[in-house]
Structures are given as structure tokens and as C-alpha cells.
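Geometric and topological summary
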Amino acid sequence: MFGSSWPSRIPFPTSHPLWAGNFPTKASAIAEVLSNYDAVFALGGKSLITILYSERSAVPAGCNVYQMSADVHDLGRTYVTKLSVVGDIKVSLRSLLPHLQKETDTQRQVLRRTER
């Protein structure tokens, strides 16, 4: 879990084991981090905003952006998204959790077996 490069607040506990820190301040540096991923699930509208200008996109080629925000005006504002959803983030994530757990159950079981 990465935080925005320009956080007005950090809505995720920084002591959580999944916290990876804030994104860098330049788009090219964010793209370097995201080059390890094939998708980004951006929560809120300011997720991929950069502080310092660079000519490169923060989203590398081949990395799809999915976005959820409570403000419809934020959706797809900075980057093209594969899917954008408007809604209360906390309520929406709570609703999605059982579906994600069901869909990833097999992968989580395999990971648990390999960790032993």
C-alpha cells in the first residue's frame, strides 16, 4: 500500500505491515516504482498527483489504473482508467472484501503452504 506523493493526510496506518510508504514526488520516479506492477487500484482522486513536474507519465505502459473516489470529478481526471467507480470508499471496500477473499482464497492457501 503506497500513499500519495502529496498527502494532506495519510488514511492508512503507517505501522501496518503492508504500508510501503509514500510515492516519490516526481512522475518518473513513481513510474519506476509502478513498473513492477500490472495494475494500480487508486483510492481517492489525488492518488497519482505529483508535486514536481517531469515529462514522463507516472503510470508506465502496460500498467492499468482502476480508481475509486467519493468525488465523481476526480475519476479519470489525471490518468485514463480501466474502470472508475464513485462511492464512499470505506463502505465500498468493506463490501468488496468478501468478494476479494473468495476470489483469492486458492492463491492465499498456496502461499500459506509455501511459507511453511
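These lines cover the structure that appears in this document, whether it is placed above or below.

1. Remarks on helix 2 (residues 89–115)
Between its first and last C-alpha atoms helix 2 spans 32 Å; for 27 residues at 1.5 Å apiece the expected length is 39 Å, and the helix comes up short by more than 12%. A maximum bend of about 55° is found in helix 2 at threonine 104.

2. Looking at the packing of aromatic side chains
Considering all chains together, one arrives at three aromatic pairs under this definition. Centre to centre, the rings of phenylalanine 2 and tyrosine 37 are 6.4 Å apart; their planes meet at 80°, and the pair counts as edge-to-face. With phenylalanine 2 in strand 1 (residues 2–3) and tyrosine 37 in the loop between helix 1 (27–34) and strand 3 (39–43), this pair connects stretches of sequence that are 35 residues apart. A residue is classified by how much of its surface remains accessible, and tyrosine 37, at 42% relative accessible area, is partly exposed. Plain terms: the ring middles of phenylalanine 12 and tryptophan 19 are 6.1 Å apart, the flat faces sit at 25° to each other, and that makes the pair stacked. A single burial state applies to phenylalanine 12 and to tryptophan 19, both of which are buried. Connected via pairs of aromatic rings, a cluster forms that spans Phe2, Phe23 and Tyr37.

Reading guide: rules and limits
- Residues numbered from 1 in each chain as written.
- Predicted model: local features only at pLDDT ≥ 70, side-chain atom pairs only at ≥ 80, totals over all residues.
- Heavy atoms only, no water.
- Helix = DSSP H or I, 4+ residues; strand = E, 2+ residues; numbered from the N terminus.
- Expected span 1.5 Å × (residues − 1).
- Bend = angle between axes of the 7 residues up to and from the residue.
- Phe/Tyr/Trp six-rings, centres within 6.5 Å; stacked < 30°, edge-to-face > 60°.
- Buried < 20%, exposed > 50% of the residue type's maximum accessible area, 1.4 Å probe, protein only.

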